[in-house]
Amino acid sequence: MKNLTFVLIAFLLLTSQAALRAQSKAFDGVLKVQLRNVGAITQDDQVTGYYMFYKTDRGKKGMANFELKVIDPELNVVMTKRMTRDYSFSLAQAVSNGEAILFKFWDSKNKKLQFKAYNFQGESVLSRSVGFKDRNEMAMYGREVGSFNTYGTAAIPGYGFLEYLPKKYDKMSYKVKYFPLDEGEKGWTLKGSTKEVESALYLCHIDTILINVVNSRPKLLGAKDTRFILEGISLRSGERLFSTDLMAEGYNVRIINGVLAPDGENILLYGLYHDEGTKVTTKSEGLTKIVLNRKGEVLRVFRLSWEEDFHIVNAEEESEDYGNIFFHQFVAGPAGETYLIGEQYGMNAGLTALSMVTNSRGGSAYKVKDMLIFEMDKDFKLQRAEVVEKSQNSYLAGKLPIGNSTQIGMMMDYYGWFDFTFLQHLSTPGDFTIGYVNFEKKKGAKNELIFGGVTHTGEAYSYDKVSLSTKGKDVSVLRAKPGYVCLVEYTRKTKSLNWRLEKINF
């Protein structure tokens, strides 16, 4: 009996040690990697794996060897694809629709996008390419202007993938290409106006209806007479089901988020509203919530004023001033309530300068401060503000053509300067967890990188914080399986990409 007990204890120790070892993994021979080419694969709001794309070594003259890996939530390798391409070959984007993961590569030598999709068994399920012949199209696609760059790939669960591209007609416009995963389904191409300067942005999809926001204006340079049009598109055929010009109907708004309403029928739109006749590129007057039916008809509109509802006053006065806020997520509750997750930001010395340009010293300092959670009732009235206190961090950038707080926030989000990392919905509607990272400043001690979690359940908030020890400067924090967060770190000296799962308390 003692021998059996010893064997069982030894077995448990070995399996426990193996489980611990499975929570970290190193990949060597990584000559070069950008951490934006490393990410999580999700399905039904749960992490189902990760991907990484990196350069391994030099190939023959003018060529380089690359490796694409997919690993599961326990960091075990699922798929490895090796390829040799032109040295300037790069991964532009990677997205998953829950059935497959699509990798979009940029071939700068041939001015072509290559699309490769694989299922989770490593089998190829889609291969396409799109070339650029017009230099204006290529310039528009490659421009780095933050959230104003509307071109890219969207993943549609149960269907396939959408690619938003610039297209030169009489004027610069757009086209949307749909790549289905089902072999029996045909793809389609949706074209923008040939007479207006237009771009399209994926907003959301509700069952079989794709909803795009189309930015339409007479001239390429300048926002005068800009219109924001909501278009409903059939995912099966590419047919336009509705086209709603919000500005023509009296709503001077910039829509930035869309979700299915709790009733399961209508569509909720969230965005920023402006005074009538003012440009949507200027400072907004507040937030808006619009209820839209599936015919594109506006049923109800709610507004929330910065000045009247948030009590924002002059920055020089003592007040409960929330300052500039960049909104990351809008969460719709089951009874019509709304949770707004935002983060404070500013430039140079203040958090509330609402119209700023870069200084004359060759650069500017951009600052990120606290996280904010605003609770709105069914009538979109502010009921409560939860402040998640964080250390203030600053980022330096060269001269940039930025003119107002909205543009500054979009630019900062594009460069990844905000601390917010993800929002995960919990099993009860309206409950969620927010994850963020922050370099905490400590008096008399070395600053440390932490992962913070804020969980909302019922009417309460709970907080959790984990110290993340790091060896190098290139670090990325990703979502992980329940109870964990994933830390990815590239060590340049050893040319290794190190993964590990850190236990958290929620």
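Look up a bit, the structure's there.
Let us look at the structure shown here.

Our focus in this paragraph is unusual backbone geometry. If you check the backbone angles, D207 has positive phi at about 55° while not being a glycine. The topology assignment puts D207 in the loop between β14 (197–206) and β15 (209–217). You can call D207 partly exposed: its relative accessible area is 46%. Positive phi outside glycine occurs at F380, with the angle close to 65°. Positionally, F380 belongs in the loop between β24 (363–376) and β25 (382–388).

Read from one edge to the other, the open sheet built from 4 strands follows the order β18-β19-β20-β21, with strand pairing classed as antiparallel. Looking at which strands have only one partner, the edges of the open sheet turn out to be β18 (253–260) and β21 (298–305). The average angle at which neighbouring strand axes cross in this sheet is 20°, direction not considered.

The next thing to look at is a positive patch on the surface. Where like charges cluster on the molecular surface, the positive patch consists of K171, K219, K224 and K279. Within the secondary structure layout, K224 lies in the loop between β15 and β16 (227–234). Judged by its relative accessible area of 60%, K224 falls in the exposed class.

Under the counting rule described, the total for this entry stands at 19 aromatic pairs. Judged by centre distance (6.1 Å) and plane angle (10°), the ring pair of W306 and F327 falls under stacked. With a gap of 21 residues between them, W306 in helix α3 (residues 306–309) and F327 in strand β22 (residues 324–332) connect regions that are remote in the sequence. Centre to centre, the rings of Y345 and F418 are 5.9 Å apart; their planes meet at 85°, and the pair counts as edge-to-face. With Y345 in strand β23 (residues 338–347) and F418 in the loop between α4 (405–414) and β27 (420–425), this pair connects stretches of sequence that are 73 residues apart. F418 shares its class with Y345; the two are buried. Among the aromatic residues, those joined into a cluster by ring pairs are Y51, F53, F66, F103, F105 and Y118. Note that K289 overlies the ring of F302, its terminal NZ or CZ placed 5.2 Å from the centroid. It is R479 that lies over the ring of F422; its NZ or CZ is 5.5 Å from the centre.

Counting 19 residues, the largest nonpolar core has V38, Y50, M52, C486, V488, L497 and W499 as the members making the most contacts within it. Taken together, the elements giving at least two residues each to this core come down to β3 (46–58), β32 (484–491) and β33 (496–503). The element that contributes the greatest number of residues to this core is β3, accounting for 4 residues. Excluding residues within four positions of it along the chain, M52 makes contact with F27, N37, V38, E67, L68, K69, I71, L497 and W499. The next biggest cluster of nonpolar side chains, apart from the first, holds 18 residues, and it includes F310, I325, L340 and M376.

So, on to the sheet that holds strand β10 (residues 152–156). With antiparallel pairing, the 4 strands of this open sheet are ordered in space as β10-β11-β12-β13. Each of the sheet's edge strands pairs with one partner strand only, and the pair in question is β10 and β13 (188–191). Strand after strand, the sheet turns through a mean of 20° between neighbouring axes, direction not considered. Here strand β12 (residues 172–180) runs beside β13; their pairing, made up of 4 bridges, is antiparallel. Residue pairing for β13: K177 is matched across the bridge by T189.

Turning next to the pattern of salt bridges. Evaluated as defined, the whole model comprises 17 salt bridges. In this structure, E67 and R82 form a salt bridge, with 2.9 Å as the shortest nitrogen-oxygen distance. Placement of the pair is E67 in strand β4 (residues 63–71) and R82 in strand β5 (residues 77–86), with a sequence separation of 15 residues. With a relative accessible area of 10%, E67 lands in the buried category. The class for R82 is exposed, based on a relative accessible area of 65%. One salt bridge connects K167 with E137, and the closest N-O pair in it is separated by 3.9 Å. Here K167, found in strand β11 (residues 160–168), pairs with E137, found in helix α2 (residues 135–142); they are 30 residues apart in sequence, far enough to count as distant. Classification of K167 by relative accessible area gives partly exposed; the value is 24%. With a relative accessible area of 7%, E137 lands in the buried category. What emerges from the salt-bridge pattern is a single network uniting E67, K69 and R82.

Rules of the game
Residues numbered from 1 in each chain as written. Predicted model: local features only at pLDDT ≥ 70, side-chain atom pairs only at ≥ 80, totals over all residues. Heavy atoms only, no water. Helix = DSSP H or I, 4+ residues; strand = E, 2+ residues; numbered from the N terminus. Buried < 20%, exposed > 50% of the residue type's maximum accessible area, 1.4 Å probe, protein only. Pairing = 2+ DSSP bridges. Axes fitted to C-alpha atoms, helices over the stretch in contact; angles between N-to-C directions. Patch = residues over 30% accessible without salt bridge, like charges linked within 9 Å, V, L, I, M, F, W, Y side chains within 5 Å. Areas by Shrake-Rupley, 256 points an atom, 1.4 Å probe, with all protein chains shown as cover. Salt bridge = Lys/Arg side-chain N within 4 Å of Asp/Glu carboxyl O. Lys, Arg positive; Asp, Glu negative; His and termini not counted. Charge placed at Lys NZ, Arg CZ, Asp CG, Glu CD. Phe/Tyr/Trp six-rings, centres within 6.5 Å; stacked < 30°, edge-to-face > 60°. Lys NZ or Arg CZ within 6 Å of the ring centre and 35° of its normal. Core = buried A, V, L, I, M, F, W, Y, C linked by side-chain atoms within 4.5 Å. Contact = heavy atoms within 4.5 Å.

That's the geometry; what it means functionally is another story.
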